[in-house]
Amino acid sequence: MATRTIGRYALLTFCAVVVFLPIYVAVVIAIQPAARVVDFPGVLLPKSLTLEPFRNAMRSGNLGRYLVNSGVVTAFIVGGQVITSILAAYAFAFVQFPFKRVVFTLFLATLMVPAEATIVANYETIQHFGWLDSYQALVMPFLATAFGTFLIRQAFLGVPQDLRDASALDGYGHWGFLRGVAVPLARPAIAAFTVFSFLLAWNQYLWPLLVTNDDAHRTVQIGLKSLAGANVANLNLPAAGAVIAGLPIFFLLLFFQRHLVRGLTSGAVKG
Amino acid sequence: MASVAFEHVTKRFGDVVAVEDLDLHVDDREFLVLLGPSGCGKSTALRMIAGLEEPTEGAIRIGEHRVDGVDPKDRDLAMVFQSYALYPHKSVRQNIEFPLRSRKVPPAERTQLVQDAAGQLGLSTLLDRKPRELSGGQRQRVALARAIVRRPAVFLMDEPLSNLDANMRTATRAELVELHQRLGTTFVYVTHDQVEAMTMATRVAVMSEGSLQQLGVPQEVYDRPANVFVAQFIGSPPMNVVPGPVAAPLGVGRDDVVVGIRPEHLMIGTAGISAIVRVVESLGHERHVLCEADGHRLIVRCPAHGDAPVEGDAVHLSARPEHLHLFDASSGQRVA
Ligand SMILES: Nc1ncnc2c1ncn2[C@@H]1O[C@H](COP(=O)(O)OP(=O)(O)OP(=O)(O)O)[C@@H](O)[C@H]1O
Ligand SMILES: [Mg+2]
């Protein structure tokens, strides 16, 4: 075997360890009694297994409610972002209108503005609407994104002009072409963006912390933080909570993996 | 069933004049071939019929109606693209039925029509494949099937054979002619290949740099090219064109003309234009003798077998008077 291949595998192995070690630590801590957790590094090789921490985390941390909140908020954010990004991307890719370039550049420029810079202004707007402690407060500021628009626009630009023309002759206007041709062909990019959008929405911390105070609207990441604060002695509770909060992402990746991999390879070979 | 007419149509893209003052009437049921070199505006002309481009000036009629501003889908025509433009994510069946779906054809009828179209083009066993699982020839048939499935009044084809190999192209040419006869609809067919034009067209429209050069049945265009461009564009090898004085030994007594002679009409003998043989090419079924006279190149078409000159021979080239084409030296237009 060539040294290059060995080197490549060594690098991949190292990266895999770096990525998986924290996950492994969280999982093994979460499945052992609290007493064992202080025994570091012995805890990393579990001798017994208990599901008690998961039960306790759900009960004492009120995680069930938080998970539902996060689910609702994430679903609306992801749905909203995907829809607005597809529509905006379509306009930028296929529709001619005055000052298109300028508008698009301005749109992209918003990517340069860090979220922290807008947070105060957004907070005041939300407060002005009287939306503090509501789902709207958690969802509304995130319904459009320049990143998704850009990503999907690039995919749309890869759709050959001939297909646009063919669908016009086949009797389709903008909607028919969007639904029947453009979106299916851009599916890999849309899938990748969906995953990205989900991760960002699900893992939000600062904004939900600012705009929510009651359990009815708090999201799971904030729940985890308070779970950790309240259980300094029982580290296995926050660990179990983190594992629970990570499960949706795990299943999401599992589900989208097929699309993501296909997205990276399809179109590599002309034909 | 419909005729198609360009009425003094000009199309500009910024400073580029793609089509200039095109005036052309395509009769109902005609197989009209738009022929011309790359960039002469053939595709642009076709796309204007389709409604994918709007004329800058002039009007287009389909049947009795002016179609300015009419959507492509309301023009009752179908188009086969050079790239075939199949939807890569749809199966052959879905590709063919896509134009029917938009027109709300009921499912049962749709299935029947798709089967008919697929059957006519020998695609019945391929209906569940994706375009990427088909050969080039099969893809081309799917594109045709998608065009014929809803029986439009006019078919537009933009170099549909250019991605096929030589054998497939010959076979498909004949099939297209047959398809045209069977459907009895108007075809407007774009190509830069003069063989396609000669073999399939009921009439050819030769274009150059955006303008129509000549319109006529293929044999007439071949026999009496309207100008030097058409003379040299149609025919393989192309027509020999020499200045009047060079052709003086053939009895051309004018200096203000250029003289065209088809390679098959030049004879090697003892009288006529004196020339030196430079190259002899054998094509198997015939030989091309490339000669040089007074710095001008002349090609003579000879039988594959029998005596032929060899490189370096001094020869005389002659042609019968009725085989000489005279064009005005400055305008290039035919004078006799
Ligand atoms: N959308 C466009 N914008 C600008 N110029 C264009 C456009 N479409 C065509 N042209 C120009 O118009 C001229 C004619 O183009 P057209 O595509 O009609 O040529 P063609 O005869 O079909 O050539 P080919 O055989 O290479 O397909 C060319 O000079 C081309 O560059
Ligand atoms: Mg073209």
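Please read all numbers here as calculations on a predicted model, not as lab measurements.

A. Representation of the overall build of chain B in the model. Looking only at helices and strands, chain B features eight helices and 18 strands. Along the longest, intermediate and shortest principal axes, the C-alpha atoms of chain B span 75 × 45 × 35 Å. The buried share of chain B, reckoned over its 336 residues, is 52%. Look at the contacts in chain B between residues 6 or more apart in sequence, and 63% of them connect residues 24 or more apart. As presented, chain B carries roughly 14,700 Å² of accessible surface, and 48% of it is formed by carbon and sulfur atoms. Both charge centroids of chain B, one from 36 positive and one from 43 negative side chains, sit 9 Å from each other.

B. Representation of the environment of asparagine 203 of chain A. Residue and element names in this part refer to chain A. Looking at where asparagine 203 falls in the secondary structure, it is placed in the loop between α11 (187–202) and α12 (206–211). Using a relative accessible area of 41% as the deciding quantity, one classes asparagine 203 as partly exposed. Residues asparagine 203 and phenylalanine 40 lie 163 residues apart in sequence; the distance between their C-alpha atoms is 28 Å. What asparagine 203 contacts, discounting residues up to four positions off in sequence, is Gln221 and Ile249. Of note is the side chain of asparagine 203, whose polar atom sits 3.3 Å from the side chain of glutamine 221.

C. Broad picture of the interface of chain A and chain B. Residue-level contacts link 16 residues of chain A with 24 residues of chain B. For the pairing of chain A and chain B, the buried interface totals around 1,600 Å² over both sides, and the portion due to carbon and sulfur atoms is 63%. The largest share of the area that chain A buries against chain B comes from Leu169, Asp170 and Tyr172 of chain A, three residues that together contribute 39% of it. Seen at the junction of chain A and chain B, the total is two salt bridges. For aspartate 165 of chain A, the salt bridge is made with arginine 47 of chain B, and the minimal N-O distance between the two is 2.7 Å. Counting the contacts that link chain A with chain B gives eleven residue pairs in polar contact (both at pLDDT 80 or more). Secondary structure elements with two or more residues in the side of chain A that touches chain B: α9 (161–169) and α10 (174–185) of chain A. Taken together, the residues that form the side of chain A that touches chain B break down as eight nonpolar, five polar and three charged.

D. Molecular detail of the site of ligand 1. All names here are of chain B. Neighbouring ligand 1 are the residues Phe13, Val16, Ala18, Pro37, Ser38, Gly39, Cys40, Gly41, Lys42, Ser43, Thr44 and Glu159. Serine 38 is positioned with one of its side-chain polar atoms (N or O) 2.5 Å from an oxygen atom of ligand 1. One of the side-chain N or O atoms of lysine 42 is found 2.7 Å from an oxygen atom in ligand 1. Contact with the protein chains removes 60% of the 640 Å² of surface that ligand 1 exposes when unbound. In terms of residues, the shell around ligand 1 owes the most to one element, helix α1 (residues 42–50), which gives three residues. Along the lines of polarity and charge, the residues of the shell around ligand 1 split into five nonpolar, five polar and two charged.

E. Geometry of the packing of helix α2 (residues 92–102) of chain B against helix α3 (residues 107–120) of chain B. Residue and element names in this part refer to chain B. Between α2 and α3, whose axes approach to 10 Å, the crossing angle comes to 130 degrees. As the angle between them shows, α2 and α3 are arranged oblique. At the point where α2 passes α3, the crossing takes the right-handed sense. Across the interface between the two elements, Arg93, Ile96, Glu97, Leu100 and Arg101 from α2 touch Arg110, Leu113, Val114, Ala117 and Ala118 from α3. For the contact of α2 with α3, the residue count by class is six nonpolar, no polar and four charged.

F. Layout of the sheet that holds strand β17 (residues 314–318) of chain B. Residue and element names in this part refer to chain B. Across the sheet, which stays open at both edges, the five strands sit in the order β13-β17-β14-β15-β16 with antiparallel pairing between neighbours. Unpaired on one side and paired on the other, β13 (267–269) and β16 (296–303) mark the two borders of the sheet. Direction aside, neighbouring strands of the sheet carry axes that sit 50 degrees apart on average. Bridge analysis of strand β14 (residues 273–282) against β17 gives four bridges, and the strand direction is antiparallel. Counterpart to alanine 275 in the pairing with β17 is valine 315.

G. Expanded view of the packing of α10 of chain A against α11 of chain A. Residue and element names in this part refer to chain A. The contact between α10 and α11 brings their axes to 5 Å, and the two run at 65 degrees. The orientation of α10 with respect to α11, classified from their angle, is roughly perpendicular. In contact with Val183, Pro184 and Leu185 of α10, α11 contributes Arg187, Pro188 and Ile190. Across the contact of α10 with α11, the residue classes break down as five nonpolar, no polar and one charged.

H. Structural context of the environment of phenylalanine 142 of chain A. Residue and element names in this part refer to chain A. As for its placement among the helices and strands, phenylalanine 142 is situated in the loop between α7 (135–139) and α8 (146–157). Considering only alpha carbons, one finds phenylalanine 142 and glycine 80, 62 residues apart in sequence, at a separation of 8.1 Å. The residues contacting phenylalanine 142, other than those within four sequence positions of it, are Ile77, Gln81, Gln204 and Trp207.

I. Structural context of a nonpolar patch on the surface. Residue and element names in this part refer to chain A. On the surface, a cluster of nonpolar side chains totalling about 410 Å² of accessible area is made up of Val17, Leu21, Tyr24 and Leu45. In this structure, leucine 21 sits in helix α1 (residues 3–30). With a relative accessible area of 48%, leucine 21 lands in the partly exposed category.

J. Examining the domain arrangement of chain A more closely. All names here are of chain A. Here chain A is partitioned into domain 1 (1–50) and domain 2 (51–265). Here domain 1 and domain 2 have C-alpha centroids that lie 30 Å from each other. Every contact between the two is made by eleven residues of domain 1 and, on the other side, ten residues of domain 2. Counting each side, the surface lost to burial between domain 1 and domain 2 is near 720 Å², with a carbon and sulfur contribution of 71%. Area buried by domain 1 at its contact with domain 2 is led by Ala30, Ala34 and Thr50, which between them contribute 55% of it. For the pair domain 1 and domain 2, the interface holds zero salt bridges. Mapped by element, the contributors of at least two residues to the side of domain 1 that touches domain 2 are α1 and α2 (34–37). At four residues, α1 tops the list of elements feeding residues into the side of domain 1 that touches domain 2.

Conventions and cut-offs
- Residues numbered from 1 in each chain as written.
- Chains lettered and ligands numbered in written order.
- Predicted model: local features only at pLDDT ≥ 70, side-chain atom pairs only at ≥ 80, totals over all residues.
- Heavy atoms only, no water.
- Helix = DSSP H or I, 4+ residues; strand = E, 2+ residues; numbered from the N terminus.
- Buried < 20%, exposed > 50% of the residue type's maximum accessible area, 1.4 Å probe, protein only.
- Contact = heavy atoms within 4.5 Å.
- Areas by Shrake-Rupley, 256 points an atom, 1.4 Å probe, with all protein chains shown as cover.
- Lys, Arg positive; Asp, Glu negative; His and termini not counted.
- Charge placed at Lys NZ, Arg CZ, Asp CG, Glu CD.
- Polar contact = N/O pair within 3.5 Å; in protein donor to acceptor, adjacent residues only side chain to side chain.
- Buried area = accessible area lost by both parts, 1.4 Å probe.
- Salt bridge = Lys/Arg side-chain N within 4 Å of Asp/Glu carboxyl O.
- Nonpolar A, V, L, I, M, F, W, Y, C, P; charged D, E, K, R; others polar.
- Near = heavy atom within 4 Å.
- Axes fitted to C-alpha atoms, helices over the stretch in contact; angles between N-to-C directions.
- Parallel < 35°, antiparallel > 145°, perpendicular 65-115°, else oblique.
- Left-handed = near helix turned anticlockwise from the far one by under 90°.
- Pairing = 2+ DSSP bridges.
- Patch = residues over 30% accessible without salt bridge, like charges linked within 9 Å, V, L, I, M, F, W, Y side chains within 5 Å.
- Domains from an automatic or database assignment.

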